[in-house]
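Reading the structure
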Amino acid sequence: MNLNLQTKAVIGVNGLIVLVCICMGIIGYRSASESFDVPLLMKVRSNVNSIVEILDYKYPGDWQIEGNELYKGKTKINDNNDLVDSLGKVCEGHVTIFQNDTRVATTVKKEDGQRSTGTKVSEQVGNEVLKGGKNYIGKAMVVGKPYKSAYEPIKDGNGKIIGMVFVGLS
């Protein structure tokens, strides 16, 4: 089949238009998905602050580790599913309370449907929150799934970091 120069030019221009449209679509999709991240990250930041305030109000007293269990005042936190479930409803997301780097109470479940207590935080988040003493706001892999996340350190009465609170939206 022998194509004349005009037909070849039309095919070439059409191919170029299709390529430009595909590139614009990819750029538009990335921009849109990134713009959705900002409000979600603002929400998890606000949620973790609210959860910490609720814990301080509802359970007076210092955070502490007694034996090998985490307490807020006189309330035992380890395996306190009612506590994290109620907090999860308040923030319409997932809530985890960590003793050091280990989940001791959580709404996050593993694939088998069991709560993911006993699992560890990622090294990146642990370094920033537990070692660095900073809040972490951003994307995090939680038990193998991506979440928009906020983590805040938990300090005992002496100011030592002994855990953290997590709020996440999947």
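Above this text you will find the structure in question.
As the structure is a computational prediction, the values presented were derived from the model and not from experiment.

Before going further, it helps to spend a moment on the environment of G144. Mapped onto the secondary structure, G144 falls in the loop between β6 (136-142) and β7 (145-155). For G144, a relative accessible area of 60% corresponds to the exposed category.

Once that is clear, we can look at the pattern of salt bridges. In this structure the tally under the stated criterion is four salt bridges. For D56, the salt bridge is made with K72, and the minimal N-O distance between the two is 3.3 Å. Taken as a pair, D56 in helix α1 (residues 5-58) and K72 in strand β2 (residues 69-72) lie far apart in primary sequence, 16 residues in all.

Glancing now at the packing of aromatic side chains. Within the structure shown, the criterion is met by four aromatic pairs. When the ring of F98 is compared with that of Y151, the centres are 6.1 Å apart and the planes differ by 45 degrees; the resulting orientation is tilted. Taken together, the residues span a long stretch of sequence, with F98 in strand β4 (residues 94-99) and Y151 in strand β7 at a distance of 53 residues. As far as the burial class goes, F98 and Y151 line up, both buried. Taking 6.1 Å as the distance between ring centres and 80 degrees as the angle between the ring planes, the aromatic pair formed by Y147 and F166 counts as edge-to-face. Of this pair, Y147 sits in strand β7 while F166 sits in strand β8 (residues 161-169), and the two are 19 residues apart along the sequence. Summarising the burial analysis for this pair, Y147 and F166 share the class buried.

With respect to the helices, strands and loops of the structure, E152 is situated in strand β7. Comment: no salt bridge for buried E152; closest opposite-charge side chain is R45, at 8.5 Å. Excluding residues that lie within four positions of it along the chain, E152 makes contacts with V48, N49, V52, V129, N135, G163, M164 and V165.

In this section: the sheet that holds β4. Sheets are built from strands that pair by backbone hydrogen bonding, the pairs being arranged parallel or antiparallel. Sheet architecture is open: five strands sit in the order β5-β4-β8-β7-β6, paired in antiparallel fashion. Only two strands of the sheet have a single neighbouring strand rather than two, namely β5 (102-106) and β6. If you compare each strand with its neighbour and ignore which way they point, the axes differ by 35 degrees on average. In the sheet, β7 pairs with β8 via eight bridges, with the strands oriented antiparallel.

How each quantity is defined
Residues numbered from 1 in each chain as written. Predicted model: local features only at pLDDT ≥ 70, side-chain atom pairs only at ≥ 80, totals over all residues. Heavy atoms only, no water. Helix = DSSP H or I, 4+ residues; strand = E, 2+ residues; numbered from the N terminus. Buried < 20%, exposed > 50% of the residue type's maximum accessible area, 1.4 Å probe, protein only. Salt bridge = Lys/Arg side-chain N within 4 Å of Asp/Glu carboxyl O. Phe/Tyr/Trp six-rings, centres within 6.5 Å; stacked < 30°, edge-to-face > 60°. Lys, Arg positive; Asp, Glu negative; His and termini not counted. Contact = heavy atoms within 4.5 Å. Pairing = 2+ DSSP bridges. Axes fitted to C-alpha atoms, helices over the stretch in contact; angles between N-to-C directions.

All we've got here are geometric facts, nothing functional implied.
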